[in-house]
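In case you want the letters, here they are:
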Amino acid sequence: GPIVAALTPSTLLLGLYQTTRGVLQGMGKTYLPVINLTAGVIIKGSLNYLLVAVPALNIHGATVATVAGFTVSAFLNLYYVKRYTQFRMDWKKTVFIPLLSTAMMVLAVKPVYRLAAPFSNTAGVITAISVGVVIYGLAMLITGGVKTEDLQFIPRIGPKLARILSRFKFLS
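Residues numbered from 1 in each chain as written. Predicted model: local features only at pLDDT ≥ 70, side-chain atom pairs only at ≥ 80, totals over all residues. Heavy atoms only, no water.

## Describing the nonpolar core
Core analysis: the largest hydrophobic core is formed by eight residues, namely I97, M140, L141, V146, L151, A162, L165 and L171. At the level of secondary structure, the elements contributing two or more residues to this core comprise α6 (121-142) and α8 (157-167). In contact with M140, other than residues within four places in its own chain, are I97, P98, S101, G145 and V146. (Core = buried A, V, L, I, M, F, W, Y, C linked by side-chain atoms within 4.5 Å. Buried < 20%, exposed > 50% of the residue type's maximum accessible area, 1.4 Å probe, protein only. Helix = DSSP H or I, 4+ residues; strand = E, 2+ residues; numbered from the N terminus. Contact = heavy atoms within 4.5 Å.)

Structure, rendered in structure tokens:
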């Protein structure tokens, strides 16, 4: 439902947190992820207390608090990774292009699901996922989110796929 949908950003943030946690722990900074997660928990708890009490928000306040808590923890970790490694994130390639491709996929998948779901929910889900994979892949290719070097990492089919996509001018 809408409450679970509102929590979806927290899964991406949790992935960012766990990745940066591993980097920090590998550098011997094992205490930093714990401190940063504690800061996120404090933010989440405080916002839960404040927002759930607002009648207009009610339980939706908890979703806002959860996303805010994960945001704080993940970005604090990212800050320390950048500070100790001079890591530079290409925001266009790692955030903007995937978000744009995701938005394009969502716009295509919703009507496909609505058309197929009356036959059966399973058919609707399978059809929507199949269309979503194709649309997301095409969107990543069109927006420049996938490069030849990226495909080279896919065992067996990566180099072949790169040659085919280059032939059709999908890759530079």
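## Regarding the packing of aromatic side chains
The tally for this structure, following the rule as stated, stands at three aromatic pairs. Between the aromatic rings of Y79 and Y80, the centroid separation amounts to 4.9 Å while the plane-to-plane angle is 75°, which identifies the pairing as edge-to-face. A relative accessible area of 18% means that Y80 is categorised as buried. For the ring pair Y80 and Y84, a centre distance of 6.3 Å and an interplane angle of 20° mean the geometry is stacked. Taken as a pair, Y80 and Y84 lie in helix α4 (residues 60-85) at a separation of four residues, close to a single helical turn. Using a relative accessible area of 30% as the deciding quantity, one classes Y84 as partly exposed. Aromatic ring contacts, followed pair by pair, group Y79, Y80 and Y84 into a single cluster. The ring of Y84 carries K29 above its face, with NZ or CZ at 4.4 Å from the centroid. (Phe/Tyr/Trp six-rings, centres within 6.5 Å; stacked < 30°, edge-to-face > 60°. Lys NZ or Arg CZ within 6 Å of the ring centre and 35° of its normal.)

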